[in-house]
Amino acid sequence: MPETKPQDSHASPYDLSNPQVLLAWQRNHLANERTFLAWCRTGLALFGFSFVIERFDFFIRQIQHVPMFEGMAQKHLHTDAITLSTFAVGVLVMVVATWRFWYVRRCINTGAKTFSVTPDIIFTVAVVGIILGLFTVFWHLIVQ
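Position labels on residues start from 1 in each chain and follow its written sequence. In keeping with the predicted nature of the model, local features appear solely for residues at pLDDT of at least 70, side-chain atom pairs appear and are counted solely at 80 or more, and the whole-chain, interface and lining totals rest on all residues. Note that water and hydrogens are dropped before the side-chain values are worked out from all heavy atoms of the structure.

Participant: When you look at the nonpolar core in this model, what are you seeing that I'm missing?
Facilitator: Judged by nonpolar contacts, Trp-39, Leu-46, Val-89, Val-93, Ala-97, Phe-123 and Val-127 together constitute the single largest core of seven residues. Numbering of helices and strands starts at the N terminus; helices are DSSP runs of H or I of at least 4 residues and strands are runs of E of at least 2. Of all elements in the fold, only α1 (19-63), α2 (79-110) and α3 (118-143) reach the threshold of two or more residues within this core. In terms of residues, this core owes the most to one element, α2, which gives three residues. In plain words, nonpolar cores are sets of buried Ala, Val, Leu, Ile, Met, Phe, Trp, Tyr and Cys residues tied together by side-chain atoms within 4.5 Å. Buried means the residue's accessible area, taken with a 1.4 Å probe over protein chains only, is under 20% of the maximum for its type, while exposed means over 50%, and partly exposed covers the values in between.

Structure follows, in structure tokens:
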């Protein structure tokens with residue numbers, strides 16, 4: 001009768017002693033980290049964009065006091081809400097990116113054959129929709 005080894009609760013489902021399996025496992029983790037860093041860059045870009053919006057509002061308020069531009073922009077652009085929304089979306093991107101990183105890492109480590117990409121698709125569409133919505137609101141505030 002063959003001897004069976006007791007299963008360690010932290011043992012990998014892969015045969016990591018095989019160099020090809022080990023390299024594939026490492027590539028998966030590296031790809032997951034690259035994706036995480038890309039989402040983090042997106043979040044940081046949204047943070048930066050929120051500061052750009054605030055500085056643009058400050059610039060418009062200052063230019064209203066220049067006699068040459070008096071009639072050009074005599075209204076408040078209400079950019080506070082847009083700035084805070086953009087900053088909040090940046091935070092949301094970072095939080096969800098962190099959650100996704102740990103979820104995919106767990107799937108890789110447990111040897112899951114498949115995992116759902118639906119949350120990634122929904123999140124991507126939501127972020128693009130929010131960004132387009134913010135641009136639309138900002139555009140209407142400037143034009144009107």
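Participant: When you look at α2 in this model, what are you seeing that I'm missing?
Facilitator: An α-helical turn contains 3.6 residues, so a residue and the one three or four places further along point in the same direction. Helix span, as expected, comes to 1.5 Å for every residue beyond the first. Taking 1.5 Å per residue as the helical rise, α2 with its 32 residues ought to reach 46 Å, and the 46 Å between its terminal C-alpha atoms agrees with that figure. Within two residues after α2, Gly-111 carries a phi angle of roughly 80°, on the positive side.

Participant: For this particular structure, what's the right way to read the packing of α1 against α2?
Facilitator: To characterise two packed helices, one gives the angle between the axes of the helices and the distance between these axes. Angles here are taken between N-to-C directions and fall from 0 to 180 degrees, while the axes themselves are lines fitted to C-alpha atoms, restricted in helices to the stretch in contact. Two elements in contact, α1 and α2, have axes separated by 8 Å at closest approach and are oriented at 175°. Here α1 is positioned roughly antiparallel relative to α2, judged by the angle of their axes. Gly is put with the polar residues, along with every residue not named as nonpolar or charged; the nonpolar set is Ala, Val, Leu, Ile, Met, Phe, Trp, Tyr, Cys and Pro, and the charged set is Asp, Glu, Lys and Arg. Residue composition of the contact of α1 with α2, by class: 19 nonpolar, 13 polar and six charged. Every angle not falling under 35 degrees, over 145, or within 65 to 115 is termed oblique; those three ranges are roughly parallel, roughly antiparallel and roughly perpendicular.

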